[in-house]
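Chain by chain, the residues run as shown.
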Amino acid sequence: MFGGLVEIRLAEVGDGAALSDFYTRNADHLRRWEPTRSGAYHRVPVWERRLQAWQAEFQEGRSVHFLGILPDASRVITVCSLINIIRWPFQACNMGYAVDRHCEGRGVMKTLCGHVVAYAFDVLKLNRVMANYMPDNHRSAALLRSLDFTIEWVAKRYLLINGCWEDHVLTARINTKKA
């Protein structure tokens, strides 16, 4: 619906309030897919410190964090990160993402993730982007399929999510451009 109308940019140190607002608004929506968080985890000062750490990781080439923002509302509606960036000889990373509950099914997640994958391959020159999802997360499965990710494995009891060890489907997309 408005997938092409999202402003995509790198997260900045000053985005603490916007990210606190995004995760607070979507706490119930995201709870099923995320680790259990303390009550203070999404407070603005905590986000400000986390963003400073992200900035250092970005400068060191270890992670990149993107935001999708509705320009007319100046509000974060989706986030996507490349983390655990490993260089030679692996040249790979993990991708994580979340979308505002009111924006599901409108193309914003595909728009942002497509941009982020292109960044991983064209700017970072990575060979592999990996993304994992819980087997009953049908929206994530469809999103990754639409972005040409391939299922590689199912990992049993892979991550502790919302207090329970959950299986995950491990997927990857390989950079098919010549190195």
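Residues numbered from 1 in each chain as written. Predicted model: local features only at pLDDT ≥ 70, side-chain atom pairs only at ≥ 80, totals over all residues. Heavy atoms only, no water.

Now, about the side chain of histidine 42: what can you tell me, with residues and values included?
Structurally, histidine 42 can be placed in the loop between helix H2 (27-31) and helix H3 (44-59). A residue is classified by how much of its surface remains accessible, and histidine 42, at 16% relative accessible area, is buried. A distance of 3.0 Å separates a polar atom in the side chain of histidine 42 from a polar atom in the side chain of tryptophan 47. The residues contacting histidine 42, other than those within four sequence positions of it, are Ser20, Tyr23, Thr24, Arg37, Trp47 and Arg50. (Helix = DSSP H or I, 4+ residues; strand = E, 2+ residues; numbered from the N terminus. Buried < 20%, exposed > 50% of the residue type's maximum accessible area, 1.4 Å probe, protein only. Polar contact = N/O pair within 3.5 Å; in protein donor to acceptor, adjacent residues only side chain to side chain. Contact = heavy atoms within 4.5 Å.)

I'd love a proper account of the pairing of strand S6 (residues 150-161), names of residues and values included.
In the sheet, S6 pairs with strand S7 (residues 164-174) via 8 bridges, with the strands oriented antiparallel. Along S7, the bridge assignment pairs alanine 155 with histidine 168. In this antiparallel pair of consecutive strands, S6 and S7, the connection spans 2 residues, and asparagine 162 shows a positive phi of 50°. (Pairing = 2+ DSSP bridges.)

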